[in-house]
Amino acid sequence: MEVIPYTREGIYERDGGKCQICGRAIPLTEAHVDHIIPLAAGGVDSADNVRLTCADCNLARPRGAGGWKETGRKSRLQSHRERRYNQVRRDEKAGKAKT
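Residues numbered from 1 in each chain as written. Predicted model: local features only at pLDDT ≥ 70, side-chain atom pairs only at ≥ 80, totals over all residues. Heavy atoms only, no water.

Undergrad: Can you break down the overall build of the protein chain residue by residue, with the values?
TA: Summing up its helical and strand segments, the protein chain has three helices and two strands in all. Looking at the 99 residues of the protein chain, the share that counts as buried comes to 29%. Counting only contacts in the protein chain whose residues sit at least 6 apart along the sequence, the fraction spanning at least 24 positions is 53%. (Helix = DSSP H or I, 4+ residues; strand = E, 2+ residues; numbered from the N terminus. Buried < 20%, exposed > 50% of the residue type's maximum accessible area, 1.4 Å probe, protein only. Contact = heavy atoms within 4.5 Å.)

Undergrad: Report on the side chain of Thr53, specifying residues and quantitative values.
TA: With respect to the helices, strands and loops of the structure, Thr53 is situated in strand β2 (residues 50–53). Judged by its relative accessible area of 0%, Thr53 is buried. Filtering out sequence-adjacent residues up to four positions away, Thr53 remains in contact with Cys19, Gln20, Ile21, Ile26, Ala31, His32, Asp34 and Asn58.

Undergrad: Could you give me a rundown of the side chain of Asp15, with the residues and numbers involved?
TA: Here Asp15 shows up in the loop between α1 (8–14) and β1 (32–35). Among the residues examined, Asp15 registers a relative accessible area of 6% and is labelled buried. Apart from residues no more than four positions distant in its own chain, Asp15 is found in contact with Gln20, Arg51, Leu52 and Arg89.

Undergrad: Describe the pattern of salt bridges, and please don't skip the residues or the numbers.
TA: Note that side chains of opposite charge can pair when their charged atoms are close. Tallying each qualifying case throughout the model produces three salt bridges. With a shortest N-O distance of 2.8 Å, Arg14 and Asp15 are connected by a salt bridge. Look at Arg14 and you get partly exposed, because its relative accessible area is 22%. The residue Asp56 makes a salt bridge to Arg24 at a minimum N-O spacing of 3.6 Å. Taken together, the residues span a long stretch of sequence, with Asp56 in helix α2 (residues 55–59) and Arg24 in the loop between α1 and β1 at a distance of 32 residues. Residue Arg24 is classed as partly exposed on the basis of its relative accessible area of 38%. (Salt bridge = Lys/Arg side-chain N within 4 Å of Asp/Glu carboxyl O.)

Undergrad: Describe the pairing of β2, naming the residues involved and giving the relevant values.
TA: Residues Val50 and Leu52 point to one face of β2 and Arg51 and Thr53 to the other, with burial holding for every one of them. Where β1 and β2 come together, four bridges link them in antiparallel fashion. Its bridge partner being in β2, Asp34 is matched across the sheet by Arg51. (Pairing = 2+ DSSP bridges.)

What follows is the structure, encoded as C-alpha cells:
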C-alpha cells in the first residue's frame, strides 16, 4: 500500500485533482481539503479522513459537531456526497484489483 503524504499536494494527487463529491476537475489553487468525519465529531486528522473537494461542495456542507446527524436525517446533499464518495472508493478498489 502506497503511503500518501498528508499535504495538500499529496491529497490532490491521490484524488486525481477531482472533487470527491461532484467529480469536477479543480485546480490545486482552488481545491479544499475536507475532513470526511469532522474533527468536532471525533474524526481524526489523517490522510484517510480527508478528501479533495471543490469550494461549492465543501462550503455547502453542514457545519458543527453533528452536522446533519443532529437533525436525525440526511440532507439530499449529504446523501449525494456519501454515494459519490463510496462510488469513487469502490472504483479505486476495482482499479487496483485489476492491476
